[in-house]
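One-letter residues, chain by chain:
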Amino acid sequence: MRTGELAARAGVNTQTLRYYEGRGLLERPPRSAAGYRSYPDEAVAVVRFVKRAQELGFSLEEIGDLLHLADGGPEDCDTARALAKARIHQLAHRISALQRMQQSLSELVDTCEFPRGQRSCPILSALHQEDTP
C-alpha cells in the first residue's frame, strides 16, 4: 500500500510515517518502479502499536525497545514487564503530583470569595513545594 493509504488506515499523517521510519520504528519500505513507497499490510499494525504505546506514555525510544521485544518471542516478557513496571512508577508519581495540584486548585477556588487580604495562592505554594515521593 502507498503512504497515503497507510496513513489513513493507521490514523496518522504521512509526516508521522516518515518520522517513524527515520527513528527506526517503521521499516523503510521498498519503492515501486515509479518511486512510490510500497508498505506491507503489517505496517498498519506497527503504526497502531506505536500510537497506542505513546498513548500509554512510553517514549519513542521505549517503543523501539518494545517493538524489538515483540519480535523476540515470549522469553522477552521479563524485559517488557520491567519497562511496564517502570512506566507504572512514573505514572504513580505523576498522578500524585496531579492530585496535589487538584487540591491546590480546590483551595484556590475556596478562597476566591474572601476579601483580597484573606486570600492565599495555593497554586504558587504548590509550585514552590519540593517533590517528595
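The rules we used
Residues numbered from 1 in each chain as written. Predicted model: local features only at pLDDT ≥ 70, side-chain atom pairs only at ≥ 80, totals over all residues. Heavy atoms only, no water. 1 Å grid on protein atoms, 1.4 Å probe; cavity = no way out; pocket = protein on both sides within 12 Å on 5 of 7 lines; lining within 4 Å. Points joined across faces, edges and corners; volume = space filled by probe spheres on them. Helix = DSSP H or I, 4+ residues; strand = E, 2+ residues; numbered from the N terminus. Nonpolar A, V, L, I, M, F, W, Y, C, P; charged D, E, K, R; others polar. Salt bridge = Lys/Arg side-chain N within 4 Å of Asp/Glu carboxyl O. Buried < 20%, exposed > 50% of the residue type's maximum accessible area, 1.4 Å probe, protein only. Axes fitted to C-alpha atoms, helices over the stretch in contact; angles between N-to-C directions. Parallel < 35°, antiparallel > 145°, perpendicular 65-115°, else oblique. Left-handed = near helix turned anticlockwise from the far one by under 90°. Contact = heavy atoms within 4.5 Å. Arc of directions from axis to C-beta. Expected span 1.5 Å × (residues − 1).

(A) Structural detail: the layout of surface pockets. When its volume is computed, the largest pocket comes out at roughly 350 Å³. Around the largest pocket, the lining comprises 16 residues; the ones closest to its centre are L25, L26, E27, V46 and D71. Looking at the lining of the largest pocket, the elements that each hand over two or more residues are helix 3 (42–55) and helix 4 (60–72). Split by residue class, the lining of the largest pocket holds 9 nonpolar, 3 polar and 4 charged.

(B) Structural detail: the pattern of salt bridges. Using the criterion set out here, one finds 5 salt bridges in the structure. The partner of E21 in a salt bridge is R28, with the nearest N and O atoms 3.7 Å apart. With relative accessibility at 4%, the residue E21 sits in the buried group. What makes R28 exposed here is its relative accessible area of 58%. For R52, the salt bridge identified is with E55, shortest N-O distance 3.5 Å. Taken together, the residues R52 and E55, both in helix 3 and 3 residues apart, mark about one turn of the helix. Overall, the relative accessible area of 47% leaves R52 in the partly exposed class. A relative accessible area of 60% means that E55 is categorised as exposed.

(C) Quick look at the packing of helix 1 (residues 3–10) against helix 3. Running from N to C, helix 1 and helix 3 cross one another at 50°; their axes reach a closest spacing of 9 Å. Taken as axis vectors, helix 1 and helix 3 run oblique relative to one another. Crossing handedness for the pair helix 1 and helix 3: right-handed. Where helix 1 abuts helix 3, its residues L6, R9 and A10 lie against A43, V44, V47 and R48.

(D) Layout of helix 1. Turning to helix 1, its buried residues are T3, L6, A7 and A10. For helix 1, the buried positions fall inside an angular range of 100° around the axis, keeping them on one side. Packed against the buried residues of helix 1 are helix 2 (14–23) and helix 3. A positive backbone phi angle near 75° is found at G11, which sits one or two residues after helix 1.

(E) Region of the structure containing helix 5 (residues 77–111). Its 35 residues place the ends of helix 5 50 Å apart at the C-alpha level, agreeing with the 51 Å of an ideal helix rising 1.5 Å per residue. Among the residues making up helix 5, those that are buried are L83, R87, S104 and T111.

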